Structure formats: structure tokens, C-alpha cells
Amino acid sequence: QWLSVPYSAIVIPMLPPVWRWILDKQDPFPAPFGPVLLANTVAQMIALYIFFYFFLQVTLRLQLINKMLREFHGRTLDPSGEQGRPEGTRKKPRANGNPFDLYVSSREVYMPNSGWWEQQWNDKRSNVENWHVCETYLRVFVSSIRLTAQAMLVG
């Protein structure tokens, strides 16, 4: 993927000179304007390289965010993570709880002052707070992408 950036930046600006040279059987850069057109082609290569580099970087970031959000969505619907896994690859549950657990799934009768329920409440509250912090980080991550995209559009 990373090699496509320099190749694209070189091939696209070279299309008109190569067309003139191969198909029209003329000089790639006409005689009076040769150095100027060559400099223009090099400037186009540099500009395209920068544009494609930032575009690829933004695309990879968005793909990463999409992957993380799909994982979060799947874990919200199925906190155990077992849904959609092949039979032989299922994970064993953690002994100390799962950070994706946002609710208590127990048949134990609710007693407000019991130590077990207090611990469950604290664990789930901590999980929700961690999810909130994660969402904040994702928003910051996406905002840097937005700023990069805006800078590219202005440029």
C-alpha cells in the first residue's frame, strides 16, 4: 500500500510526456518550454506525493477507527465475545471480569448492601467510565483526521 503512493505520484504527471513521446513521436517536453515543463512535472510529482501520502494516512486511520468501533459494537451486544466466533476459537472468560461487561448477568437476588453487589456496581461503573474515556479519545483521534483533511483541501 505504501509503495502505491510514490508510484502514483510519478506515473500520473508523466502520462502527458510519455504520450507525446510514444504515441505522437515528438519530444516529451517541447523545445522552447522543456525546462519549464520538466520543472512543472516535478512540482506535480511532489504535490501528488504529499496529497496521496496524507490521503493514505487518513484512510488508514479511519479504517482503524472503524475496526475499533465494530469491536466495541460487537462486545456491547455480546460482552462475552462468543457471538460469531468459530467453535474451536472461543475465549475463556476472565477471572477478574471483562472490561466490556456493562451489566450484571447473574441469577443472584439483588441485595443493595451486600458486598458482592457493591463490587459488581463498582466494576460496571468503572467499565462505563472507561468506555466514556475511550469515546473521548476516539473523538480526539477523529478530530485530528478532520484537521488533516481540511488542511489538504485548503492546500
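Starting from 1, residues in each chain are numbered consecutively following that chain's sequence as written. The model is predicted, so local features are restricted to residues of pLDDT at least 70 and side-chain atom pairs to those at 80 or more, both for listing and for counting; the totals for chains, interfaces and linings are taken over all residues. Heavy atoms from the whole structure form the basis of all side-chain values; hydrogens and water molecules are not counted.

1. A few points about the overall build of the protein
Along its length, the protein carries three helices and zero strands. For the protein, the α and β elements follow one another from N to C terminus as α-α-α. The burial tally for the protein puts 18% of its 155 residues in the buried class. For the protein, the share of sequence-separated contacts (at least 6 apart) that also reach a separation of at least 24 residues comes to 63%. Here the Shrake-Rupley method, with its probe set to 1.4 Å, supplies the accessible areas, and only the displayed protein chains count as covering residues. Accessible surface for the protein amounts to roughly 12,100 Å². Of this, 65% is attributable to carbon and sulfur atoms. Each helix is a run of DSSP H or I of at least 4 residues and each strand a run of E of at least 2, with the numbering of both proceeding from the N terminus. The rule is simple: take the accessible area with a 1.4 Å probe, protein chains only, and divide by the maximum for that residue type; under 20% is buried, over 50% is exposed, in between is partly exposed. Residue contacts follow a heavy-atom distance rule, with two residues in contact if any of their heavy atoms lie within 4.5 Å.

2. Some words on the environment of Ser114
Topologically, Ser114 is positioned in the loop between α2 (34-77) and α3 (115-154). Whenever two N or O atoms come within 3.5 Å, that pair is a polar contact, provided that in protein one can donate a hydrogen and the other can accept it, and provided that, for residues adjacent in sequence, both atoms are side-chain atoms. A polar contact of 3.3 Å, which involves the side chain of Ser114, links it to the backbone nitrogen of Trp117.

3. Focus: the packing of aromatic side chains
Only Phe, Tyr and Trp rings take part, Trp by its six-membered ring, and two of them pair if their centres are within 6.5 Å. Stacked means planes under 30 degrees apart, edge-to-face means over 60, and tilted covers everything else. Tallying each qualifying case throughout the model produces six aromatic pairs. Residues Tyr110 and Trp117 carry aromatic rings whose centres are separated by 5.2 Å and whose planes lie at 80° to one another, so their mutual orientation is edge-to-face. Given a relative accessible area of 54%, Tyr110 falls into the exposed group. By way of ring pairs, the aromatic residues Tyr49, Tyr53 and Phe54 are connected into one cluster.

4. What about the environment of Pro28?
As for its position among the elements, Pro28 is in the loop between α1 (4-22) and α2. Distance in space between the C-alpha atoms of Pro28 and Pro16 is 7.8 Å, their sequence separation being 12 residues. Residues contacting Pro28, with those up to four places away along its chain left out, are Pro17, Arg20 and Trp21.

5. Examining a nonpolar patch on the surface
Residues Leu38, Val42, Ile46, Tyr49, Ile50, Tyr53 and Phe54 make up a contiguous nonpolar surface patch of about 600 Å² in total accessible area. Positionally, Leu38 belongs in helix α2. With a relative accessible area of 45%, Leu38 lands in the partly exposed category. Each patch is assembled from residues with relative accessible area greater than 30% and no salt bridge, linking like charges that lie within 9 Å and nonpolar side chains (Val, Leu, Ile, Met, Phe, Trp, Tyr) that lie within 5 Å. A pairing counts as a salt bridge when a side-chain nitrogen of Lys or Arg comes within 4 Å of a carboxyl oxygen of Asp or Glu.

6. Things to note about unusual backbone geometry
Despite not being glycine, Lys25 has its phi angle at roughly 55°, a positive value. Locating Lys25 in the fold gives a position in the loop between α1 and α2.

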